[in-house]
Amino acid sequence: MRTSRHDAPHWRNEVQIVDEMYDSGRFAMPVHYVLSLTHECNLLCPFCFLEKIPGDRAMVTEDWLAVLDQLPPYARVILFGGEPLLFPGFADVFKAAASRFRCSIVTNGTLLTPETVEMLVAHDGFCDLNVSVDSLGNWNRNLDAATWQGLLDGVRLYNDLRRRRERPPRLGISVVLLDETAEELHDLHRFAHEELHCDFVNYCLLNGAPMQLADVMQPFDAIHAPATPPRYEKWDLILAQLERNRRYDREHGHVAYLRPKLIDVNEPSPTEALRVLNDPAFTPERYGPCKMPWSDCRIHPDGHVSACLSVSFGNVKQTGDLAAILDGPVARRFRDELRAHGPFAQCHRCVFLYDRAFDRTAAPAVAAPAP
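No experiment lies behind these values; they were computed from the predicted model shown. (Residues numbered from 1 in each chain as written. Predicted model: local features only at pLDDT ≥ 70, side-chain atom pairs only at ≥ 80, totals over all residues. Heavy atoms only, no water.)

Q: Please give an account of the pairing of strand E1 (residues 32-36) that cites residues and values.
A: With five of its five residues buried, E1 lies for the most part within the structure. Residues His 32, Val 34 and Ser 36 of E1 are buried on one face, and the alternating residues Tyr 33 and Leu 35, pointing to the opposite face, are buried as well. Sheet topology note: the E1/strand E2 (residues 76-80) ladder contains five bridges and is parallel. Within the sheet, the bridge partner assigned to His 32 lies in E2 and is Arg 76. The pairing of E1 with strand E8 (residues 296-299) spans four bridges and is parallel. Bridge pairing in E8 places Val 34 opposite Arg 298. (Buried < 20%, exposed > 50% of the residue type's maximum accessible area, 1.4 Å probe, protein only. Helix = DSSP H or I, 4+ residues; strand = E, 2+ residues; numbered from the N terminus. Pairing = 2+ DSSP bridges.)

Q: Give a detailed account of the sheet that holds E8, specifying residues and quantitative values.
A: Here ten strands make up an open sheet; going across it, the order is E7-E6-E5-E4-E3-E2-E1-E8-E9-E10 and the pairing mixed. Sheet topology places strand E7 (256-259) and strand E10 (314-315) at the edges, where each strand pairs with a single neighbour. Of the strands in this sheet, E1, E2 and E8 are in contact with helix H2 (residues 61-68), which crosses E1 at around 175°. The strands that helix H6 (residues 185-194) touches are strand E5 (170-176), strand E6 (200-204) and E7; relative to E6, the one it contacts most, it runs at about 145°. (Contact = heavy atoms within 4.5 Å. Axes fitted to C-alpha atoms, helices over the stretch in contact; angles between N-to-C directions.)

Q: I'd love a proper account of the side chain of Ser 135, names of residues and values included.
A: Along the chain, Ser 135 falls in the loop between strand E4 (126-132) and helix H5 (145-162). Ser 135 sits in the buried class, given a relative accessible area of 0%. Side-chain polar atoms of Ser 135 contact the backbone nitrogen of Trp 139, separated by 3.1 Å. Here Ser 135 is in contact with Asn 140, Trp 148, Thr 181, Glu 184 and Leu 188, once residues within four sequence places are set aside. (Polar contact = N/O pair within 3.5 Å; in protein donor to acceptor, adjacent residues only side chain to side chain.)

Q: Describe the environment of Phe 47, listing the residues and the values that go with them.
A: Mapped onto the elements of the fold, Phe 47 is located in the loop between E1 and H2. Residues Phe 47 and Leu 274 lie 227 residues apart in sequence; the distance between their C-alpha atoms is 21 Å. Contacts of Phe 47, omitting those with residues within four sequence positions, involve Asp 134, Asn 140, Arg 141, Val 176, Leu 178 and Leu 206.

Q: Any details on unusual backbone geometry? Residues and values, ideally.
A: For the peptide bond that leads from Gly 81 to Gly 82, omega is 15°, which places it in the cis range. With respect to the helices and strands, the residue Gly 82 is situated in the loop between E2 and helix H3 (90-98). For the bond from Arg 259 to Pro 260, the omega torsion is 0°, close enough to zero to count as cis. Residues other than glycine seldom take positive phi values, yet Asn 142 does so here, at roughly 65°. Looking at the element boundaries, Asn 142 is found in the loop between E4 and H5. What makes Asn 142 exposed here is its relative accessible area of 56%.

Q: Would you mind going over the pattern of salt bridges in detail, with residue names and values included?
A: Side-chain pairs of opposite charge can arise whenever the charged atoms involved come near each other. Counting across every chain of the model gives 18 salt bridges. In this structure, Arg 190 engages Glu 194 in a salt bridge whose closest nitrogen and oxygen atoms are separated by 3.2 Å. A residue pair is termed a helical-turn pair when its members lie 3 or 4 positions apart in one helix, as Arg 190 and Glu 194 do in helix H6 at four residues. The class of Arg 190 is partly exposed, set by a relative accessible area of 36%. Classification of Glu 194 as partly exposed rests on a relative accessible area of 35%. The partner of Arg 286 in a salt bridge is Asp 355, and the shortest N-O contact between them spans 3.0 Å. Residue Arg 286 is found in the loop between E7 and helix H8 (292-295), and its partner Asp 355 is found in the segment after helix H11 (329-341); the two are separated by 69 residues along the sequence. The class for Arg 286 is partly exposed, based on a relative accessible area of 29%. (Salt bridge = Lys/Arg side-chain N within 4 Å of Asp/Glu carboxyl O.)

Below is the structure:
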């Protein structure tokens, strides 16, 4: 996939590695490893897509450390959940990951104690903290005033400490687009930059199909089941707010990302092109080749290994051999069918889709004027 000048250097390098893997047709270990350390979470977000059913054999710290021992040197590790900071062995897993790989964390931000923040910033391998904030006060996630203040305190301490590093880790604010928060999208966007001093805002939609990033494994053929994504009633307002945010970013030199990538929100592309994302019809032909099984590996709390849809390639808790799972018959079938036929029905509105306009062979994007 073609990258842009707005992408972080390490992301551009990772895209190049994935493209080479995809083009070669030979098996290689993926680049990104999403370690879902736990199903546990201290919040009850109404739009959460995880069923959070505890596995019979949940991974423990030693299991996750064994996984890290099997990753390639070019790996990037993303610690995820549930809420990853609730995992009892989080510090041990984080230190092992950040001492050997580029390491990112996705968190709801409510458990960023001074001790935790100091630990994160102390490791040079730590590159991204992604905090989920959908509204001012995160009221849609049912935060009370004290919990919201704790989140703000943790982020502000993180900002203070990260500036002391020669190459500071980034701060991203991840926003789920929702009808109930549509009116305040611009105010939130400004708050993220002006008060939280984030490096980027990342917008994503509600999952378009039940199998996307889910934690309960399904039969392989379920990937072909038709999907009807939840419809936005305030989509026009959301598009208007995104356009307003883009004008603000261009004026102030900020960066944002939107997934699925139908436009580059940092370039002067028409926001109207996003209208199709609220359409119940799925036209896979408009999207570029999906390379997620070459790019990403997800390991769930019970040890099941998948790519993006909830089809288990095998269980690393049971077998202990991640490479054998990723080069096993289910994983090969998944990659072969995806390469041959394009996105599956359950890929509708997947955050990893991108328009064919962003293929490497497409015409170069129009450069944005300097801010």
